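Fold and geometry: a report
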Amino acid sequence: MKVDIKGVKEYMNNNIIEELKYFDSVTSTNELALNMVSSKIQEGDVIIGGEQTKGRGRLKRNWYSPQYLGLWFSIIVKPAKDFERIPLLTLIGALSVQQAIKNIKINSDLKWPNDILYNNKKVGGVLSQFRSDGSEIDRVVVGIGLNVNQREFPEELQDNSISLRMIKGTVIEKEKLLADILDNFSDFYKLFKDGEYSKIICSWKKEMSMLNKQIIINSSNGNKMKGKVVDISNKGELIIENTKGVKQKFIAGDVSIDKNSLRF
Ligand code: BTN
């Protein structure tokens with residue numbers, strides 16, 4: 001069923017969220033939010049899609065977004081901060097989802113920088129994109145995809161994907177879930193605006209099972225490194241320590257557990 005916007009609003013508390021704009025079918029809510037003329041969009045607007053025909057994932061992947069079975073939406077923010085803090089908004093998006101699904105008693109795991117996992121399968125993800133006017137950020141679009149009521153996935157996704165319904169064994173109400181995610185986002189975004197980055201990072205690290213684990217990271221510039229995850233910086237970078245005790249920061253990359261380190 002379609003998400004009932006009136007129902008979402010009834011569940012929502014006072015927060016930074018302005019208008020909820022629903023479209024039954026879109027290519028991608030991120031694409032739409034990025035392309036809208038500035039006069040038609042303001043901070044706190046949310047673009048929601050009933051389905052996405054060209055949903056985008058990180059690293060140029062597609063994001064499977066079948067009609068009415070998930071939450072596919074983008075939150076628009078206009079932070080008066082420097083570009084280097086944008087990655088924190090992805091962390092905020094993932095944390096907001098992770099905490100909202102805790103309310104329905106699902107304990108998921110955050111995988112840096114944008115994955116919400118359950119039993120190592122992906123239940124949700126975040127893709128943040130921005131539009132700039134030269135040196136200024138015009139808007140950041142925090143795109144969130146959450147697998148809610150799918151009963152199955154296409155074969156190529158089956159091994160790595162899961163929905164809330166598959167976890168709980170029952171249909172999940174999307175309105176309350178979306179309201180909770182938006183409320184959480186507002187709370188974390190307020191911390192962000194106040195420069196309280198360490199509070200955000202502290203909450204994130206509590207939900208991140210890779211902390212203190214040996215991992216392999218394929219960074220965005222093609223480097224591969226093995227090491228232990230020791231921290232996340234206040235800019236959202238992952239901090240890895242190698243066997244010689246040397247620490248390195250990564251702003252983007254694909255992380256996986258180093259299986260060799262588990263053998264003894
Ligand atoms: C990922 O895990 O790779 C990120 C997935 C992000 C998907 C969401 S769905 C709503 C928004 N619109 C998009 O096209 N992508 C994001």
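Relevant structure appears above.
Attention in this report is confined to the structure presented alongside it. (Residues numbered from 1 in each chain as written. Predicted model: local features only at pLDDT ≥ 70, side-chain atom pairs only at ≥ 80, totals over all residues. Heavy atoms only, no water.)

Some details on the packing of aromatic side chains
A ring pair, where both rings are aromatic, is described by two values, the distance of the centres and the angle of the planes. This structure, assessed with the given rule, holds five aromatic pairs. Residues Y189 and F192 carry aromatic rings whose centres are separated by 5.7 Å and whose planes lie at 15° to one another, so their mutual orientation is stacked. Within this pair, Y189 and its partner F192 are both found in helix α6 (residues 174-193), separated by three residues, close to a single helical turn. Relative accessible area serves as the criterion here: at 0%, Y189 is assigned to the buried category. Here F192 falls in the buried class, since its relative accessible area comes to 0%. Ring centres of F192 and Y197 lie 6.0 Å apart, and the angle between their planes is 70°; on these two criteria the pair is classed as edge-to-face. Assessed through its relative accessible area of 11%, Y197 is described here as buried. Grouped by ring-pair contacts, the aromatic residues F185, Y189, F192 and Y197 constitute a single cluster. (Phe/Tyr/Trp six-rings, centres within 6.5 Å; stacked < 30°, edge-to-face > 60°. Helix = DSSP H or I, 4+ residues; strand = E, 2+ residues; numbered from the N terminus. Buried < 20%, exposed > 50% of the residue type's maximum accessible area, 1.4 Å probe, protein only.)

Focus on the side chain of K21
Mapping K21 onto the fold places it in strand β1 (residues 20-26). When near neighbours in sequence (up to four residues on either side) are disregarded, K21 contacts M36, K40, D45, V46, I47 and I48. (Contact = heavy atoms within 4.5 Å.)

So, the nonpolar core
The biggest cluster of nonpolar side chains holds 63 residues, and the ones touching the most others in it are F73, W112, L146 and L164. Considering every element that reaches this core, the biggest residue donor is helix α3 (residues 86-102), with ten residues. (Core = buried A, V, L, I, M, F, W, Y, C linked by side-chain atoms within 4.5 Å.)

Regarding the site of the ligand
Taken together, the neighbourhood of the ligand is formed by 21 residues, with S28, Q52, R56, R58 and K122 sitting nearest. In this structure, an oxygen atom belonging to the ligand sits 2.7 Å away from a main-chain N or O atom of R56. The biggest single contributor to the shell around the ligand is strand β6 (residues 121-133), with four residues. For the shell around the ligand, the class distribution of residues is six nonpolar, eleven polar and four charged. (Near = heavy atom within 4 Å. Polar contact = N/O pair within 3.5 Å; in protein donor to acceptor, adjacent residues only side chain to side chain. Nonpolar A, V, L, I, M, F, W, Y, C, P; charged D, E, K, R; others polar.)

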